[in-house]
Amino acid sequence: MARRICVAALLTLTALPAHAANLDVTASYKMRAVSYQNLNLEGSKDFQFNHSFIANDARLGVAVRRISLERKGSEDMSMDVGVTLRALGVTGSSTALQSPFDRVAANYPSSDFTPFLENAYIKINRFLGYPIETTFGRQTYRLGSGLLLDDDGAGLTGVTVRGDLPWWGMKTEAFVFADRNSQRLDDPNMNPQTSLALFGFSVDLPSEGVWQLNQLFERERGNFPIYGCSFVDANTNQTLPCVVNKALRSFTSIHYNLSYGPIVFDGEAAMQKGSASPTTVTDSTYAGGVKPKVGNHITYNGNAQVVKAKWKQSLPRLGEGIARMSVARGSGDDLGTPTTDEAFFPSHGHQYSGLERSGFGEFFAATPYSANGISTGAVSGLRPGNSGIIVVGAGFTPPAYKGYILDIDYYLFQAERTTAGKRTLGTEWDVRLRYNVQDRFGISLTAAFFSAGTASNANGAKARKYALEAFGRF
């Protein structure tokens with residue numbers, strides 16, 4: 001089926017008028033041989049939960065750009081048509097279907113190396129003669145730094161509109177996407193694939209850097225739990241999560257990006273608001289058929305901040321080195337407020353790269369709201385009693401030697417809120433040796449050494465990750 005789609009797309013594009021400005025064909029392939037040791041952080045020799053596999057990531061894209069439609073005023077209205085196929089899969093293992101990699105695989109339409117449509121869009125330049133760019137269909141999209149919204153290579157289906165504002169060189173963008181929330185657990189009493197609408201806007205103000213105001217709304221429908229809300233069942237005396245059938249979450253952020261000489265800075269601060277409506281189910285969903293008293297609505301009240309900076313420094317007779325630092329924080333849930341969820345957690349914030357997590361640290365791969373872990377059913381990946389993540393990182397890249405580049409990074413992870421008294425989730429050292437050729441081909445070796453803190457394992461377990469990666473693209 002995928003082969004037929006690809007052939008049909010190529011035939012359609014080659015049949016377009018000959019006066020189209022250009023035809024772009026892109027292709028890439030990345031292979032990662034990965035080995036995880038003690039992924040469960042149990043520290044037991046009898047249950048290390050080790051995983052080794054080869055991850056495949058292939059793309060093929062075809063786009064025809066600047067197809068002339070008609071002249072409006074002094075400029076032509078033109079159209080771009082593009083299709084990108086992507087295939088993800090693992091060799092020698094069913095890892096993509098096991099925890100915690102099943103959460104990553106759930107983000108994509110397919111994870112068995114069957115091609116899926118990452119992009120299938122039409123883009124209209126100077127829409128109706130105005131300086132507006134409008135894109136319809138499945139497209140790659142990132143809002144700000146990705147803290148609030150990032151398709152992570154899966155594509156999002158909807159409409160985006162971009163244009164210039166008449167003041168101070170400002171630009172604006174609006175978007176509407178229809179999707180699903182792949183983070184919902186496969187609970188028989190819940191709906192693991194809820195309906196999710198994503199819409200909002202952004203405004204850019206250029207200065208020495210670029211200031212960006214971002215607004216995202218998430219409207220979700222379907223039975224799902226709110227982990228910041230709980231109640232005690234009167235018959236079983238168990239504490240259970242509240243179940244809601246619809247929610248409206250609002251995320252507002254300020255993003256600032258600066259590239260000035262040897263300094264690169266990227267920072268974003270966001271807050272989360274909103275409310276959810278508890279279900280009216282009164283049958284066997286709750287023991288005794290009694291609906292818990294959680295009020296008419298449940299509220300969201302979270303926040304997060306991410307700062308990354310790096311600077312280049314010339315070293316005498318050696319060349320140029322790079323130093324970097326990062327700080328990130330996401331608010332955790334306060335268990336003392338059972339009808340308020342303070343945990344910052346957007347449905348489609350940046351978390352994944354291929355069939356692995358992407359974040360701070362090669363092994364723990366933390367974002368302000370989630371990390372690598374299989375010890376709990378919570379979407380955060382943290383052990384019970386921990387919520388929200390604080391990250392402090394520092395790294396250094398010495399001058400390259402004969403084209404070989406060495407990266408060394410250190411990270412400290414802590415829980416923003418905890419009931420265990422101990423907040424340290426762990427520390428990690430990452431070492432990477434890489435060699436790139438004109439950004440077309442690259443190969444790298446990575447080793448990550450993670451030491452669990454007392455909030456992750458009272459006995460201080462050790463874990464490791466090794467990876468060999470090779471990629472090529474044109």
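Our structure is the block above this text.
The structure presented is a predicted model; accordingly, all values stated were derived computationally and were not measured.

K.L.:
Where do I start with the pattern of salt bridges in this structure?
P.N.:
Pairs can form between side chains of opposite charge whenever their charged atoms are close. Taken as a whole and judged by the stated rule, the model has 22 salt bridges. Taking the shortest distance from any N to any O, the salt bridge between Asp407 and Arg324 comes out at 3.9 Å. With a gap of 83 residues between them, Asp407 in strand S20 (residues 404–418) and Arg324 in strand S15 (residues 319–330) connect regions that are remote in the sequence. Across the salt bridge formed by Arg417 and Glu416, the nearest N and O atoms sit 3.8 Å from each other. Salt bridges linked by common partners bring Arg32, Arg324, Glu356, Glu362, Asp407, Asp409, Arg432, Arg434, Lys465 and Glu469 together as one network.

K.L.:
It is not clear to me how the environment of Phe344 should be interpreted in this structure. Could you clarify?
P.N.:
Relative to the assigned elements, Phe344 resides in the loop between strand S16 (340–341) and strand S17 (352–353). Residue classification places Phe344 among the buried positions, given a relative accessible area of 1%. In this structure Phe344 touches Leu147, Leu148, Phe251, Ala270, Met271, Gln272, Gly302, Asn303, Ala304, Ser331 and Tyr369, once residues within four positions along its chain are discounted.

K.L.:
I'm lost on the environment of Ser28 in this one. Help?
P.N.:
By secondary structure assignment, the location of Ser28 is in strand S1 (residues 22–37). For the pair Ser28 and Phe441, spaced 413 residues apart in the sequence, the C-alpha separation amounts to 9.7 Å. Residues within four places of Ser28 in sequence aside, it is in contact with Asp57, Ala58, Arg59, Gly472 and Arg473.

K.L.:
Even after reading the chapter, I still don't get the packing of aromatic side chains, so can you show me in this structure?
P.N.:
We describe a pair of aromatic rings using the distance from one ring centre to the other and the angle between the two ring planes. Within the structure shown, the criterion is met by 24 aromatic pairs. Ring geometry for Tyr141 and Phe175: centres 5.1 Å apart, planes at 45°, overall tilted. Taken as a pair, Tyr141 in the loop between strand S5 (132–139) and strand S6 (142–143) and Phe175 in strand S9 (residues 171–181) lie far apart in primary sequence, 34 residues in all. Judged by relative accessible area, Tyr141 falls into the buried class, the value being 2%. Take Phe175: its relative accessible area is 1%, and that puts it in the buried class. Taken together, Tyr36, Phe53, Phe101, Phe360, Phe363, Phe364, Tyr411, Phe413 and Phe450 form an aromatic cluster joined through their ring pairs.

K.L.:
Would you take a moment to explain the side chain of Thr340 for this structure?
P.N.:
Structurally, Thr340 is set in strand S16. Accessibility expressed as a relative area gives 17% for Thr340, which makes it buried. Only 3.1 Å separates the side chain of Thr340 from the side chain of Thr299, close enough to count as a polar contact.

K.L.:
Looking at this model, I keep getting lost on the pairing of S15. Mind explaining?
P.N.:
In regular strands, side chains alternate between the two faces of the sheet. Sheet topology note: the strand S14 (residues 298–315)/S15 ladder contains twelve bridges and is antiparallel. In the sheet register, Gln305 faces S15, and the bridge partner there is Arg329. From the end of S14 to the start of S15, which pair antiparallel, there are three residues, and Arg317 there has a positive phi angle of about 60°. Taken together, the eight bridges between S15 and strand S19 (residues 386–397) define a ladder with antiparallel strand orientation. Bridging across to S19, Val327 finds its partner in Val392.

Quick notes on the rules
The written sequence of each chain sets the order in which its residues are numbered from 1. The model is predicted, so local features are restricted to residues of pLDDT at least 70 and side-chain atom pairs to those at 80 or more, both for listing and for counting; the totals for chains, interfaces and linings are taken over all residues. Side-chain measures here rest on the full set of heavy atoms in the structure, leaving out hydrogens and waters. Any carboxyl oxygen of Asp or Glu within 4 Å of a side-chain nitrogen of Lys or Arg constitutes a salt bridge here. Helical segments are the DSSP runs of H or I of at least four residues, strand segments are the runs of E of at least two, and each set is numbered from the N terminus. Three exposure classes are used, based on accessible area relative to the maximum for each residue type with a 1.4 Å probe and protein chains only: buried under 20%, partly exposed in between, and exposed over 50%. By definition, residues are in contact when any of their heavy atoms lie within 4.5 Å. When two rings of Phe, Tyr or Trp (its six-membered ring) have centres within 6.5 Å they constitute a pair, described as stacked for plane angles under 30 degrees, edge-to-face for angles over 60, and tilted for the intermediate range. Nitrogen and oxygen atoms within 3.5 Å of one another constitute a polar contact, given that in protein one can donate a hydrogen and the other can accept it, and given that sequence-neighbouring residues count only through two side-chain atoms. Strand pairing is assigned whenever DSSP detects at least two bridges linking the two strands.

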